[in-house]
Amino acid sequence: MIQIKENISLKPFNSFGIDVLAKQFCTVRSFNEVQALLEWNKTKNSPLLILGGGSNLLFTKDYNGLVLQNALKGIELVKEDNEYYFVKAMAGENWHQFVSYCVQMQYQGIENMSLIPGNIGASPMQNIGAYGVEVKDVIESVEAIQISDGAIVSFDNKACEFGYRESIFKHQMRNQFIIVSVLFKLRKTPVYNTSYGNIEQELMNMKAAPSIKAISDAVIRIRQRKLPDPTKIGNAGSFFKNPIIPTVLYNELKKAHASIPGFAVQNGLHTKVPAAWLIEQSGWKGFRAGDAGCYPLQPLVLVNYGHATGVEIFNLSTQIIEKVKVEFGIELEREVNIY
Ligand code: FAD
Ligand code: NAP
């Protein structure tokens, strides 16, 4: 039986800790409840926001519609072959708890993405990634409910049109589907990825050989040192994407800024430039105006030190975009979903 609440504060439901109201709010725990809520909403014709853990969004005003909190639970090994375990996780499962479960079960492939906040259902949305692994590398298929008619649709990996922090759900099909479960394809014989960032160094510090558990622990240790804990300082992780620019343009920039870092992508035709470097060089690292700020240890993360409004955070992001554009001619794109 669905229970629709009115004028609910969204502060506990977003990792920025922004205090806005939702006109209506409903937690759904089963397919039937999702479908019943969609039927109810048809009669109201209200805007619909699907909420997971609220760790990749910024509210700039009250939400004048229905917030559907996806709380479908369950993890199931659906099949296995010689190489893979196929594990289905429901959208409302917490991402990191799922990673911990896979580490414990020796299902390999997602340990580099330990400690990413949020839920399973949002993971395909922006093709979450960290330390050289993206969720697209391990997704077999995504099951979703079509909002217009309640139909259940399955998307195989190709149909999700994954890209760098992108998928079909974030753009062409935005607001058209509610993701209800994800089927993961995880290795039986591990193929570790320790080349990225400082994982190898951290393993050495830990005096540990690469293993599913050791890599997960290394990533957790690095992240706990570098990133603000959203339960203490409001944030939504990286506020901007790392820009990918033509390598010819990167080479031009390098003449003027010899230390600009870059990582070759797409056969070297393009180069990914760490947005954190651009923001720091533009003078924003550690900046604070009122309670809105740019985190001193990782300038890619915008933070709410207490009572910042969503508009203040958004305006800070606009100022950063403008200054980086003037300094480097590169236009940063927001990764966080703005409402
Ligand atoms: P929400 O914020 O609730 O939703 C995000 C978007 O997805 C919204 O537009 C929402 O409507 C939509 N959505 C959510 N669930 C569904 C669903 N079931 N069906 C359809 N649409 C849905 N991200 C990375 O990629 N890599 C990182 O390393 C990383 N590190 C982070 C570190 C910190 C400290 C924080 C705060 C965030 C970080 N993030 C990272 C961002 C964030 O954790 C991820 O994007 C995560 O997947 C968001 O999940 P969520 O459930 O909180 O999504
Ligand atoms: P970092 O290790 O300091 O590296 C800075 C940037 O350089 C990263 O953003 C990364 O791009 C890129 N990079 C580093 N080594 C690379 C390599 N070998 N090949 C290609 N690109 C490389 O980054 P960090 O800020 O501490 O974050 C570590 C990881 O966690 C990164 O993968 C980052 O994406 C992820 N993370 C994401 C969020 C989020 O909200 N999206 C928040 C925190 C951390 P990529 O970002 O493309 O990996």
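The sections below set out a description of the structure shown in this document. Predicted model, so just to flag it, every value in this text is computed and none were measured.

The rules behind the values
Residues numbered from 1 in each chain as written. Chains lettered and ligands numbered in written order. Predicted model: local features only at pLDDT ≥ 70, side-chain atom pairs only at ≥ 80, totals over all residues. Heavy atoms only, no water. Helix = DSSP H or I, 4+ residues; strand = E, 2+ residues; numbered from the N terminus. Rg over C-alpha atoms; globule rule 2.2 N^0.38 Å. Buried < 20%, exposed > 50% of the residue type's maximum accessible area, 1.4 Å probe, protein only. Contact = heavy atoms within 4.5 Å. Areas by Shrake-Rupley, 256 points an atom, 1.4 Å probe, with all protein chains shown as cover. Near = heavy atom within 4 Å. Polar contact = N/O pair within 3.5 Å; in protein donor to acceptor, adjacent residues only side chain to side chain. Nonpolar A, V, L, I, M, F, W, Y, C, P; charged D, E, K, R; others polar. Pairing = 2+ DSSP bridges. Axes fitted to C-alpha atoms, helices over the stretch in contact; angles between N-to-C directions. Domains from an automatic or database assignment. Core = buried A, V, L, I, M, F, W, Y, C linked by side-chain atoms within 4.5 Å. Expected span 1.5 Å × (residues − 1).

1. Quick word on the overall build of the protein
Consideration 1: When helices and strands are counted, the protein shows seven helices and 20 strands.
Consideration 2: Taking 339 residues into account, the globule formula puts the C-alpha radius of gyration at 20 Å, and the protein, at 20 Å, falls close to it.
Consideration 3: For the C-alpha atoms alone, the extent of the protein along its principal axes is close to 60 × 50 × 35 Å.
Consideration 4: Across the 339 residues in the protein, those meeting the buried criterion constitute 49%.
Consideration 5: Excluding contacts between residues fewer than 6 apart, the proportion of contacts in the protein whose partners are at least 24 apart in sequence is 60%.
Consideration 6: Per element, the accessible surface of the protein, about 16000 Å² overall, is 50% carbon and sulfur.

2. Re the site of ligand 1
Consideration 1: Not every one of the 34 residues close to ligand 1 is listed here, only the nearest: I50, G53, S55, R223 and Y339.
Consideration 2: With respect to ligand 1, the backbone of G52 contributes an N or O atom lying 2.8 Å from an oxygen atom.
Consideration 3: Within the side chain of S55, a nitrogen or oxygen atom sits 2.7 Å from an oxygen atom of ligand 1.
Consideration 4: Coverage of ligand 1 by the protein amounts to 94% of the 980 Å² it exposes when considered alone.
Consideration 5: Elements with a contribution of two residues or more to the shell around ligand 1: β3 (48-51), β8 (129-130), β12 (177-187) and β13 (234-238).
Consideration 6: Residues belonging to the shell around ligand 1 are distributed by class as follows: 17 nonpolar, 14 polar and three charged.

3. Thoughts on the sheet that holds strand β17 (residues 288-289)
What links the strands of a sheet is backbone hydrogen bonding, and the strands pair in either a parallel or an antiparallel sense.
Consideration 1: The antiparallel open sheet is built from four strands, whose spatial order is β13-β19-β18-β17. Both outer strands of the open sheet, β13 and β17, are each paired with one neighbouring strand and no more.
Consideration 2: Pairing of β13 with strand β19 (residues 301-304), which is carried by three bridges, proceeds in the antiparallel orientation. The partner of N235 across the bridge, within β19, is V303.
Consideration 3: Set on the sheet, helix α7 (residues 310-328) makes contact with β18 (292-294) and β19; between it and β19 the angle comes to about 150°.

4. Some points on the site of ligand 2
Consideration 1: The local shell around ligand 2 holds 17 residues, among which Y196, K226, K272, Q298 and E335 are the closest.
Consideration 2: At 3.0 Å, a side-chain N or O of Y164 approaches an oxygen atom of ligand 2.
Consideration 3: For ligand 2, an oxygen atom lies 2.7 Å from a polar atom in the side chain of K226.
Consideration 4: Contact with the protein chains hides 79% of the accessible area of ligand 2, taken as 790 Å² for the molecule alone.
Consideration 5: Within the residue set of the shell around ligand 2, elements represented by two or more residues are β8, α4 (212-226) and β13.
Consideration 6: Its residues assigned to classes, the shell around ligand 2 comprises seven nonpolar, five polar and five charged.
Consideration 7: Split by domain, the residues of the shell around ligand 2 number at least three in each of domain 2 (75-187) and domain 3 (234-338).

5. Some points on the nonpolar core
Consideration 1: With 41 residues, the main nonpolar core has F240, L278, I279, L302, I320 and L332 as its most contacted residues.
Consideration 2: Taken together, the elements giving at least two residues each to this core come down to β2 (21-28), β3, β4 (57-58), β5 (63-70), α5 (247-256), α6 (275-281), β18 and α7.
Consideration 3: Mapped onto the domain boundaries, this core takes at least three residues apiece from domain 1 (5-70) and domain 3 (234-338).
Consideration 4: The residues touching L332, leaving out its near neighbours within four places in the chain, are F240, K241, P243, A275, L278, I279, I320, I321 and V324.
Consideration 5: By size, the runner-up hydrophobic cluster in this structure holds 40 residues, among which are Y85, V138, I199 and I222.

6. Brief notes about unusual backbone geometry
Consideration 1: The residue N127 is not glycine, and still its phi comes out positive at about 45°.
Consideration 2: Mapped onto the fold, N127 is located in the loop between α2 (95-105) and β8.
Consideration 3: The exposure class assigned to N127 is buried, which follows from its relative accessible area of 0%.
Consideration 4: The residue Q266 is not glycine, and still its phi comes out positive at about 50°.
Consideration 5: Topologically, Q266 is positioned in the loop between β15 (263-265) and β16 (270-272).
Consideration 6: You can call Q266 partly exposed: its relative accessible area is 48%.

7. Focus on helix α1 (residues 31-44)
Along an α-helix, residues three or four apart share an orientation, since each turn contains 3.6 residues.
Consideration 1: Spanning 14 residues, α1 covers 20 Å between terminal C-alpha atoms, matching the ideal 20 Å at 1.5 Å per step.
Consideration 2: Check the buried side of α1 and you find it contacts β2, β3, β5, β10 (139-146) and β12.
Consideration 3: A positive phi of about 55° marks N45, the residue just after α1.

8. A closer look at the sheet that holds β16
Consideration 1: The strand order across the open sheet formed by three strands is β14-β16-β15, and the pairing between neighbours is antiparallel. Of all the strands in the sheet, just β14 (244-246) and β15 have a single pairing partner and so form its edges. Each strand axis lies, on average, 40° off the axis of its neighbour in the sheet, ignoring direction.
Consideration 2: Note: β15 against β16, three bridges, orientation antiparallel. Looking across to β16, one finds that V265 is bridged to H270.
Consideration 3: α5 rests against β14 and β16 of the sheet, and its axis sits at about 90° to β14.

Everything listed here is a matter of coordinates, which is why it stays silent on function.
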